[in-house]
Amino acid sequence: MSRHNILTSRPTGPADLELSAMTANHTGPRKDGKASGISVFGTGQTTAPHDVSPDLITGREIFSTNLPALFNPARVWESLAAIQTDTKSKSGNGLFLEASSHPAATAFDILRTRLLRGLAEKGWKRIAVTSPTHGCGKSFVATNLAFSLARRPASRTVLMDFDLRHPEIAQILGVKDDINLGDFLAGEKPLESQFRRFGGTLALGLNTRPIKQASETLHDPDTVAALAAMIEQLDPEVVIYDLPPALVNDDLLALGPSLDAVLLITDGSKSSPQEIRACEKLFEGRIPLLGVVLNRAQDFNAGRYRYAKK
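Keep in mind it's a predicted model, so treat the numbers as computed, not measured.

## Description of the overall build of the protein
Part 1 of the reasoning: When you go through the protein residue by residue, the secondary structure sums to 11 helices and 13 strands.
Part 2 of the reasoning: For the protein, the residues scored as buried account for 52% of the 310 residues in total.

## Observations regarding the packing of aromatic side chains
Part 1 of the reasoning: Within this structure, the stated rule accounts for 4 aromatic pairs.
Part 2 of the reasoning: Each ring, one from Phe162 and one from Tyr241, has its centre 5.2 Å from the other, and the planes form 65°; the classification is edge-to-face. Taken together, the residues Phe162 in the loop between strand 6 (157-161) and helix 5 (169-173) and Tyr241 in strand 9 (residues 238-242) connect sequence positions 79 residues apart. Neither residue differs from the other here; Phe162 and Tyr241 are each classed as buried.
Part 3 of the reasoning: Taking the centre distance of 5.1 Å and the plane angle of 75° together, the rings of Phe184 and Phe195 count as edge-to-face. You can see Phe184 sitting in helix 6 (residues 181-185) and its partner Phe195 sitting in the loop between helix 7 (191-194) and strand 7 (196-198), a full 11 residues away along the chain. Each member of the pair, Phe184 as well as Phe195, is classed as buried.

## With respect to the nonpolar core
Part 1 of the reasoning: Counting residues in hydrophobic clusters, the biggest one holds 39 residues, and the most contacted among them are Leu159, Leu173, Leu202, Leu204 and Ile240.
Part 2 of the reasoning: The set of elements that each furnish at least two residues to this core consists of helix 3 (103-122), strand 5 (126-130), helix 4 (138-150), helix 5, strand 8 (202-205), strand 9, strand 10 (261-267) and strand 11 (289-295).
Part 3 of the reasoning: The residues touching Leu173, leaving out its near neighbours within four places in the chain, are Thr85, Lys90, Leu95, Leu97, Thr143, Phe147 and Leu204.
Part 4 of the reasoning: Judged by nonpolar contacts, the second largest core, of 38 residues, contains Ile211, Leu234, Tyr241 and Phe283.

## So, unusual backbone geometry
Part 1 of the reasoning: One non-glycine residue, Ala154, lies in the positive phi region at around 60°.
Part 2 of the reasoning: With respect to the helices and strands, the residue Ala154 is situated in the loop between helix 4 and strand 6.
Part 3 of the reasoning: The exposed category is assigned to Ala154, whose relative accessible area is 80%.
Part 4 of the reasoning: Of note in the backbone geometry, Asp235 takes a positive phi value of approximately 50° without being a glycine.
Part 5 of the reasoning: Take Asp235: it is sitting in the loop between helix 9 (221-234) and strand 9.
Part 6 of the reasoning: Taking the relative accessible area as the measure of exposure, Asp235 reaches 41% and is therefore partly exposed.

## Here we look at helix 9
Part 1 of the reasoning: An ideal rise of 1.5 Å per residue puts 20 Å on 14 residues; helix 9 measures up with 20 Å between its terminal C-alpha atoms.
Part 2 of the reasoning: For helix 9, the full list of buried residues reads Asp222, Thr223, Ala226, Leu227, Ala229, Met230, Ile231, Gln233 and Leu234.
Part 3 of the reasoning: If you check the start of helix 9, you find a side-chain oxygen 2.8 Å away from the backbone N of Asp222, and it comes from Asp220.
Part 4 of the reasoning: Directly beyond the C-terminal end of helix 9, a positive phi value near 50° is found at Asp235.

## Here we look at the pattern of salt bridges
Part 1 of the reasoning: Overall, the coordinates contain 12 salt bridges when judged by the stated rule.
Part 2 of the reasoning: In this structure, Arg209 engages Asp178 in a salt bridge whose closest nitrogen and oxygen atoms are separated by 2.6 Å. You can see Arg209 sitting in the loop between strand 8 and helix 8 (214-219) and its partner Asp178 sitting in the loop between helix 5 and helix 6, a full 31 residues away along the chain.
Part 3 of the reasoning: Residue classification places Asp178 among the exposed residues on the basis of a relative accessible area of 54%.
Part 4 of the reasoning: Linking Asp183 and Lys189 is a salt bridge whose minimum nitrogen-to-oxygen distance equals 3.6 Å.
Part 5 of the reasoning: For Asp183, a relative accessible area of 17% corresponds to the buried category.
Part 6 of the reasoning: A relative accessible area of 35% means that Lys189 is categorised as partly exposed.

Parameters and conventions
Each chain has its residues counted from 1, following the order in which its sequence is written. Two thresholds apply to this predicted model, a pLDDT of at least 70 for residue-level local features and 80 or more for giving and counting side-chain atom pairs, whereas whole-chain, interface and lining totals are computed over all residues. Hydrogens and water molecules were not included; the side-chain quantities draw on all heavy atoms of the structure. The helix count covers DSSP runs of H or I at least four residues long, the strand count covers runs of E at least two residues long, and both are numbered beginning at the N terminus. A 1.4 Å probe rolled over the protein chains alone gives each residue an accessible area, and that area as a share of the maximum for its type sets the label: buried under 20%, exposed over 50%, partly exposed in between. Each Phe, Tyr or Trp ring (for Trp, its six-membered ring) is paired with any other whose centre lies within 6.5 Å, and the angle between the two planes then decides the class: stacked below 30 degrees, edge-to-face above 60, tilted in between. The term nonpolar core refers to a set of buried residues drawn from Ala, Val, Leu, Ile, Met, Phe, Trp, Tyr and Cys, joined through side-chain atoms within 4.5 Å. Whether two residues are in contact is decided by their heavy atoms, any of which lying within 4.5 Å being enough. Helix span is expected to be 1.5 Å times the residue number reduced by one. Any N or O atom pair separated by 3.5 Å or less is treated as a polar contact, with the protein-specific requirement of one donor-capable and one acceptor-capable atom, and with residues adjacent in sequence counted only for side-chain atom pairs. The rule for a salt bridge is simple: a side-chain nitrogen of Lys or Arg has to be within 4 Å of a carboxyl oxygen of Asp or Glu.

Encoded structure:
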C-alpha cells in the first residue's frame, strides 16, 4: 500500500415542461400508477399529438406512441438552487472546494485522474464510496473527490448523500436548508426542488432528514427509477454515491443494480487487513472494486500526518 494519504491501489482496470409520464426508454411510470413527480426540461418544443386509451385498472393514460426526447440537461442544471459556502474556512477544515496547492488537495487531484482513467476504460460513471466500518473518512473523501472532479471546465459531476441513516454532507458543506431526499426517491418531489448546485459543474443530492427504513428505500423500484431519471436529466460524467460502511448494513448491496463500481476508503490507523478482505469478499461477483483509498496514512518522508476528516 502506498504511503500517500489518498491513493487508489489495486485498480481493476481501466420553456419548462412537466409531464406525468416518462418516455418508454427512460424510467417508466411508478409501480403504483402515480406520476413520477420529476420535471422534464425541454428545448421549447411540444409533444407530438398522440392517441390515448384509458387503463381501466389504474385510470392512467396509455400513450400509443413514444414521447419525443425533451431532456435538456443545461436547463435542468440552471434550475437547481445554487449554494454558497465559505471556501476559505472549508479549506481550513480539510475540504478543498477550490484549487489548492496543499498536499492533500494534490492527492485528491491524483485520485481524480486515476478514477477518470479507470471509468473511461470501463465505460462506467456510477461510483459508490464506502468503507469497512464507521470513522474511516468516506464522506470526507467523497466530498473532496467530487469537488476535484467538478473543477474540470465544462464537466458535470453529481454527489449524492446516500448514507440515509446518518446524512452529513449538507452539514459538512454548511448547507442549512431542510432537504428530504426521500421525497425525491419516492417520486413525490421533482429533482429541481431537492437538488442543489455548486458553481456550474457540481450537482448535490443532499439530505438533512435521516431515513429509518434506509435499506428498504434503496431496494424500492421507485428509487431505481428516480436515480435513472436523475442521470437522464442531468447527464453527468460521474455520479458519486456516499454510502454507509459496507460491513455495517446491506445498503450498498441494495443499491447494487444502480452502481457500476465501488471505491473502498480505509483508515490507515484503524482498518484491519481482515476488514478489507471481508469487503473484497462481499463485493466479489456483485460490484466491481475500482480501488482502495488509504486515508490517515502516515507520510514518513514528510514526517507528518496529512489531512484526514471523518
